[in-house]
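Architecture and fold: a report
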Amino acid sequence: MEILFRMKGALLMGLRSFIVVGLGILIWTDGDAAEFDSPPLRGDRVVGLRWQPDEDDPIFNGNAVLQILEEHPFVHQPGNRVIAASPIGLTRDAYSYATGENSVVRFNMDTGETVSQLPVQSSEDIIDLGVHASGRFVAALYASGAVEYWDTADDGGSSVFQAAEFPLEDIVFAEGVSDTLDERFAVAGQSSNIYVYDGPENLLYQMNVPDGATRALAMSRQGNLLFTGGDGMRIRQWDITSQPQAPAVFFVQHQGSVRNIEVSPLTDRLASVDETGRVIISQVRNGLVLAEFDVDVSAGTPELEFSNPNGSVLSIARPDGVLELRDGTTGRFFRELLIGNNGITSYAATSDGRSNIVGDDDGRLYLVRAGRCVPSLANPVCFGGYKIWRNTVPDTAGIRLLRVYGFGDSTWSFVDEQREFSDPDSIIARVAPPQEGDPTDEIRRAGPHNGVSYFYSITRFDRQFLNGSVFDVDVNSIMEGFYRDPGESEPTAIVPTPDGRTDLPLLGEVYVVPNPYEAGKVPWDAQGGEHVEFRNLPEKAKIRIYGVAGDLIRILEHDRDRYGTSRASASWDLRNSAGKRVTSGVYTYRIETSSGEALNGYFIVVL
């Protein structure tokens with residue numbers, strides 16, 4: 001049995017609030033209240049809770065955040081296509097180049113301000129840009145097979161050399177190697193040959209792929225492994241710490257020419273995409289395919305990037321301007337966002353793991369939040385979780401917190417795409433299960449108890465960063481989160497009860513608890529008010545209660561509840577048909593069913 005409820009999506013209607021952070025910094029949050037979605041169902045001393053997650057819930061988005069932080073329209077001239085924008089190590093700067101311009105620009109990713117420029121010697125447009133992890137060395141690739149190389153510590157400008165006798169398409173440095181004595185980079189293009197250089201004109205290795213042009217490269221952060229792909233539709237892995245005679249591993253077969261490869265920061269996974277739009281996520285150590293899916297390539301082949309520091313999120317930057325976020329292992333879709341109206345022509349991840357730099361066809365650059373949401377100065381507000389509350393009155397006074405579900409909590413239960421919680425599976429301590437017919441033992445349990453009215457509430461909370469600390473902030477109040485029947489403005493009580501008996505005889509196991517009833521000595525009175533319960537009833541029955549003199553005190557019509565649920569118990573609040581409290585004495589009862597069964601009995605009330 002269960003209660004079903006839903007949280008309003010964060011993009012729908014809701015309360016809006018601002019929180020003052022530090023000196024004058026405002027964080028905007030969605031104050032959407034959590035509210036129950038459908039009528040409750042109850043079980044025997046059990047209440048189950050289900051709810052549809054909010055759109056910010058990691059069940060939908062993997063705790064990934066996708067948002068444009070800054071737009072920089074003046075780093076390049078309007079109308080010039082951004083070819084590459086490469087972040088520089090641990091700094092907040094990046095190098096970028098756009099077609100038709102005569103310099104490579106170093107700019108600040110947060111402000112868009114130009115820091116410096118590297119004059120370009122060649123009259124050709126740069127095809128690709130590589131940046132050493134130290135930021136000292138920059139290499140530009142040309143379709144003619146030439147490479148222009150800058151040592152920014154040398155004021156003598158750049159050097160240009162012929163790296164290949166064929167058009168080049170891709171260049172890579174090892175992203176994790178910042179040692180300036182290690183200048184290794186690899187180039188490839190419209191040939192089966194691949195070249196590894198250690199600085200300008202210093203050729204270390206030449207490798208050959210027998211089945212066509214190599215159009216995509218990726219290098220491990222340590223610089224020991226090189227991954228290649230191209231017209232042969234196969235990913236190859238090479239060990240370039242020594243003279244490579246042949247690929248170390250052959251694995252991962254695509255269905256078209258491979259156009260982009262990305263290796264995860266821990267070098268445990270690869271992501272590759274071919275010209276047909278098939279994306280494959282695979283393991284590096286054995287080539288095992290972890291996930292396959294298709295993306296839109298109508299505007300061209302997308303760029304791929306794993307998030308830092310562990311590649312938990314895979315970004316797919318499509319040329320049509322849409323940026324997708326997916327799970328970095330399973331490929332499950334999280335979010336997507338249209339970045340401007342001029343496509344995406346370059347895409348690269350920053351070292352902080354929280355933002356990426358995007359270039360478009362009109363010379364614009366964007367700083368984008370793309371990855372896991374971790375409360376910090378850069379990501380001040382992240383989804384926190386839910387809290388489940390219970391009370392015997394529709395108020396916050398005396399309310400009990402049953403359970404806190406936070407992101408990363410492995411105890412969350414799922415029903416398809418719903419969250420699930422079962423009361424009494426709560427954080428409240430409880431003793432051994434009750435013995436049937438023993439109300440004292442039953443009430444020692446944390447609950448819920450049959451015949452007792454309960455009011456359940458759900459609240460959502462966010463995790464927020466403030467002055468170096470992270471804390472919880474409730475998005476909606478407990479009063480807002482109480483279950484309410486459809487159309488009702490006040491919280492609705494939920495009374496747990498077992499299903500009505502169906503075995504004959506229907507009245508064979510009926511009993512009354514407590515018997516005798518002694519005012520002030522029944523533990524459940526504090527929760528459910530003064531009452532006695534008739535238990536093990538069938539679905540329908542009529543209960544007549546008489547005084548010792550035979551006068552009719554009250555008639556109880558036992559039937560399915562207002563939600564259509566069969567019940568096995570009925571309670572009497574010790575009041576007569578006029579609503580007045582009865583006196584101490586012996587009371588008799590007669591229970592009748594529509595099938596003709598009848599049962600007589602008695603109980604004692606001491607007030």
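Residues numbered from 1 in each chain as written. Predicted model: local features only at pLDDT ≥ 70, side-chain atom pairs only at ≥ 80, totals over all residues. Heavy atoms only, no water.

A word on the overall build of the protein. A count of helices and strands for the protein gives four helices and 47 strands. Of the roughly 25,800 Å² that the protein leaves accessible, carbon and sulfur atoms contribute 48%. (Helix = DSSP H or I, 4+ residues; strand = E, 2+ residues; numbered from the N terminus. Areas by Shrake-Rupley, 256 points an atom, 1.4 Å probe, with all protein chains shown as cover.)

Before going further, it helps to spend a moment on the state of the cysteines. The tally for this structure, following the rule as stated, stands at one disulfide. A sulfur-sulfur distance of 2.0 Å marks the disulfide that ties C373 to C382. The sign of the S-S torsion, about -90 degrees, decides the handedness of the disulfide formed by C373 and C382: left-handed. Neither residue differs from the other here; C373 and C382 are each classed as buried. (Disulfide = S-S within 2.5 Å. Buried < 20%, exposed > 50% of the residue type's maximum accessible area, 1.4 Å probe, protein only.)

On to the pairing of strand β39 (residues 469-474). Pairing between strand β38 (residues 455-466) and β39: six bridges, direction antiparallel. Looking at β39, one finds that F461 is bridged to D474. Here β38 folds back onto β39, and the loop between the two strands holds two residues, one of which, N467, carries a positive phi near 50 degrees. (Pairing = 2+ DSSP bridges.)

Okay, the sheet that holds strand β14 (residues 158-162) next. Read across the sheet, four strands follow the order β11-β12-β13-β14 without closing on themselves; strand pairing throughout is antiparallel. The open sheet terminates on both sides in strands that have one partner only, identified here as β11 (128-131) and β14. Taking the axes of each pair of neighbouring strands and ignoring which way they run, one obtains an average angle of 20 degrees across the sheet. Note: strand β13 (residues 146-151) against β14, five bridges, orientation antiparallel. Across the sheet, the residue bridging to W150 is S158, located in β14. (Axes fitted to C-alpha atoms, helices over the stretch in contact; angles between N-to-C directions.)

What follows covers the nonpolar core. Judged by nonpolar contacts, the single largest core of 22 residues is most densely connected at F534, I543, I545, W572, Y587, I591 and F603. Going through the elements one at a time, β42 (532-535), β43 (541-546), β44 (552-558), β45 (570-572), β46 (585-592) and β47 (598-606) are the ones with two or more residues in this core. When residues no more than four places from it in sequence are discounted, the contact partners of I543 are F534, L537, R554, I555, L556, A570, R590 and I591. Within the second largest apolar cluster, 17 residues are counted, among which are V47, V452, I494 and Y563. (Core = buried A, V, L, I, M, F, W, Y, C linked by side-chain atoms within 4.5 Å. Contact = heavy atoms within 4.5 Å.)

Residues with a pLDDT of 70 or more make up 88% of the protein, whose mean pLDDT is 85. For the protein, the element scoring lowest by mean pLDDT is strand β2 (residues 15-21), at 31; strand β24 (residues 269-274) scores highest, at 98. The low-confidence segment residues 1-31 (pLDDT under 50) makes 100 contacts with residues lying over four places distant or belonging to another chain. In the predicted structure, residues 427-436 sits below a pLDDT of 50 and forms 22 contacts with residues beyond four places in sequence or in another chain. (pLDDT = per-residue confidence, 0-100.)

Pairing is antiparallel in the open sheet, where four strands are placed in the order β23-β24-β25-β26. Only two strands of the sheet have a single neighbouring strand rather than two, namely β23 (258-263) and β26 (289-294). Taking the axes of each pair of neighbouring strands and ignoring which way they run, one obtains an average angle of 15 degrees across the sheet. When β23 meets β24, the two strands line up antiparallel, connected through five bridges. Paired with E262 across the two strands is A271, which belongs to β24.

Our next topic: the side chain of N63. Mapped onto the elements of the fold, N63 is located in the loop between α1 (58-61) and β6 (64-72). Once you skip the residues sitting within four places of it in the chain, N63 turns out to touch P58, G371, R372, C373, F383 and F407.

Here we take up the packing of aromatic side chains. Counted according to the given criterion, the structure contains 17 aromatic pairs. With a centroid separation of 5.4 Å and 45 degrees between ring planes, the pair formed by F173 and F185 is classed as tilted. Note that F173 is positioned in strand β15 (residues 168-173) and F185 in strand β16 (residues 184-189), a separation of 12 residues in sequence. Look at F173 and you get buried, because its relative accessible area is 6%. (Phe/Tyr/Trp six-rings, centres within 6.5 Å; stacked < 30°, edge-to-face > 60°.)

Below, the discussion takes up unusual backbone geometry. Of the consecutive residues L504 and P505, the connecting peptide bond is found in the cis state with omega at -5 degrees. Residue placement: P505 occurs in the loop between α3 (478-481) and β40 (511-513). Between V513 and P514 the backbone carries a cis peptide bond, its omega angle lying at -10 degrees. In this model, E201 sits at a positive phi of 65 degrees, which is unusual for a non-glycine residue. Its location among the elements puts E201 in the loop between β17 (193-198) and β18 (203-208).

For the structure shown, the criterion picks out 32 salt bridges. Of the charged contacts, one joins E324 and R318 as a salt bridge, the two residues approaching to 2.7 Å between their closest N and O atoms. Two residues, R390 and D423, come together in a salt bridge whose shortest N-O distance is 2.7 Å. Taken together, the residues R390 in strand β34 (residues 381-391) and D423 in strand β37 (residues 418-423) connect sequence positions 33 residues apart. Here the two residues R390 and D423 agree in accessibility, since each one is buried. Each of the salt bridges in this network shares a partner with another, and the network as a whole consists of R318, D320, E324 and R326. (Salt bridge = Lys/Arg side-chain N within 4 Å of Asp/Glu carboxyl O.)

What follows is about a nonpolar patch on the surface. A surface patch of nonpolar side chains, amounting to about 460 Å² of accessible area, comprises V548, V586, Y602, I604 and V606. Within the secondary structure, V606 sits in strand β47. (Patch = residues over 30% accessible without salt bridge, like charges linked within 9 Å, V, L, I, M, F, W, Y side chains within 5 Å.)

Along the chain, the position of N260 falls in strand β23. A residue is classified by how much of its surface remains accessible, and N260, at 11% relative accessible area, is buried. For the pair formed by N260 and V279, sequence separation is 19 residues and the distance between their alpha carbons is 9.5 Å. Apart from the residues within four sequence positions on either side, N260 is in contact with A216, A271, S272, V273, P302, E303 and L304. Within polar-contact distance, the side chain of N260 engages the side chain of E303 at 3.1 Å. (Polar contact = N/O pair within 3.5 Å; in protein donor to acceptor, adjacent residues only side chain to side chain.)

On to the environment of G79. Turning to its location among the elements, G79 is positioned in the loop between β6 and β7 (82-87). Separated by 285 residues in the primary sequence, G79 and R364 place their C-alpha atoms 8.9 Å from one another.

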